Amino acid sequence: NAGVTQTPKFRILKIGQSMTLQCTQDMNHNYMYWYRQDPGMGLKLIYYSVGAGITDKGEVPNGYNVSRSTTEDFPLRLELAAPSQTSVYFCASSYELVQETQYFGPGTRLLVL
Amino acid sequence: AQKVTQAQTEISVVEKEDVTLDCVYETRDTTYYLFWYKQPPSGELVFLIRRNSFDEQNEISGRYSWNFQKSTSSFNFTITASQVVDSAVYFCALRVSGSARQLTFGSGTQLTVLP
């Protein structure tokens, strides 16, 4: 198993541009998550999904959109990039069990100038 | 609302010293789960341990050990005989039972082990 994979690894955007961060997991996990990590900080939840077709907002959803058309994929969309979205983005997934552990992808570093 | 506090922003030790990373959590839920993750300089997040609120047994895994005390709402992490490869940012996280399932992270402790 590859686990959780994310693309791209690094991206520079201009203000106002849009992009999609890709996340794929091959562990057949129902739950998937997007977090952002700002410098020197812990991770904050942006959006999460409990299964295909079901998504919900986390702590910091503004400026982002998600979709979940398959169990494997959970892309994160930035429509109008802003400097405040400069961060490292982590995707995670977990089983639908009581004590599931979230497994994280390698992260995408995004710089908005 | 849940909260995780890691008061130690940075710790430096010399190789072979023991070091304890503190984690204090807040929640009103009676069922919850605590986690430790390691983030080495390469940036990925590595899962280390999960404990549930009903199991206060301490756990040891090699040079790592964890002390869970509900009375003080703490879940501390000790590395014995530290090594340079232990240098990383360590995050404590909390998840409560329920539909959301998201993790609440502390701000992390940067551990530097000097040779």
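Residues numbered from 1 in each chain as written. Chains lettered and ligands numbered in written order. Predicted model: local features only at pLDDT ≥ 70, side-chain atom pairs only at ≥ 80, totals over all residues. Heavy atoms only, no water.

Re the interface of chain A and chain B
Okay, so step 1: Contacts between the two partners involve 21 residues from chain A and, on the opposite side, 20 residues from chain B.
Okay, so step 2: Between chain A and chain B the total buried area reaches about 1700 Å² when both faces are included, carbon and sulfur atoms providing 51% of it.
Okay, so step 3: Our enumeration of links across chain A and chain B arrives at zero salt bridges.
Okay, so step 4: Our count for the contact surface shared by chain A and chain B stands at four residue pairs in polar contact (both at pLDDT 80 or more).
Okay, so step 5: Those elements that place two or more of their residues in the side of chain A that touches chain B are strand E4 (31-37), strand E5 (43-51) and strand E10 (103-104) of chain A.
Okay, so step 6: For the side of chain A that touches chain B, a count of residues per class yields 14 nonpolar, six polar and one charged. (Contact = heavy atoms within 4.5 Å. Buried area = accessible area lost by both parts, 1.4 Å probe. Salt bridge = Lys/Arg side-chain N within 4 Å of Asp/Glu carboxyl O. Polar contact = N/O pair within 3.5 Å; in protein donor to acceptor, adjacent residues only side chain to side chain. Helix = DSSP H or I, 4+ residues; strand = E, 2+ residues; numbered from the N terminus. Nonpolar A, V, L, I, M, F, W, Y, C, P; charged D, E, K, R; others polar.)

Structural notes on unusual backbone geometry
Okay, so step 1: A cis amide bond links threonine 7 of chain A with the next residue in sequence, proline 8 of chain A, at an omega value of -10 degrees.
Okay, so step 2: Relative to the elements of secondary structure, proline 8 of chain A occurs in the loop between strand E1 (4-7) and strand E2 (10-13).
Okay, so step 3: One non-glycine residue, asparagine 28 of chain A, adopts positive backbone phi at about 60 degrees.
Okay, so step 4: Tracing the chain through its elements places asparagine 28 of chain A in the loop between strand E3 (19-25) and E4.
Okay, so step 5: In this structure asparagine 28 of chain A comes out as exposed when scored by relative accessible area, which is 55%.
Okay, so step 6: A positive phi angle is found at serine 73 of chain B, which is not glycine, with a value near 50 degrees.
Okay, so step 7: Here serine 73 of chain B lies in the loop between strand E8 (64-69) and strand E9 (74-79). (Buried < 20%, exposed > 50% of the residue type's maximum accessible area, 1.4 Å probe, protein only.)

So, the pairing of strand E6 (residues 54-57) of chain A
Okay, so step 1: Looking at chain direction, E5 of chain A and E6 of chain A are connected through four bridges and run antiparallel. Residue tyrosine 47 of chain A lies in a different strand from E6 of chain A, and its bridge partner there is lysine 57 of chain A. (Pairing = 2+ DSSP bridges.)

Describing the side chain of aspartate 86 of chain B
Residue and element names in this part refer to chain B.
Okay, so step 1: Summarising the element assignment, aspartate 86 is placed in the loop between E9 and strand E10 (88-96).
Okay, so step 2: Overall, aspartate 86 belongs to the buried group, its relative accessible area being 1%.
Okay, so step 3: Among the polar contacts made by the side chain of aspartate 86, one reaches the main-chain amide nitrogen of glutamine 83 at a distance of 2.8 Å.
Okay, so step 4: In this structure aspartate 86 touches Lys38, Arg63, Tyr64, Ile79, Leu111 and Val113, once residues within four positions along its chain are discounted.

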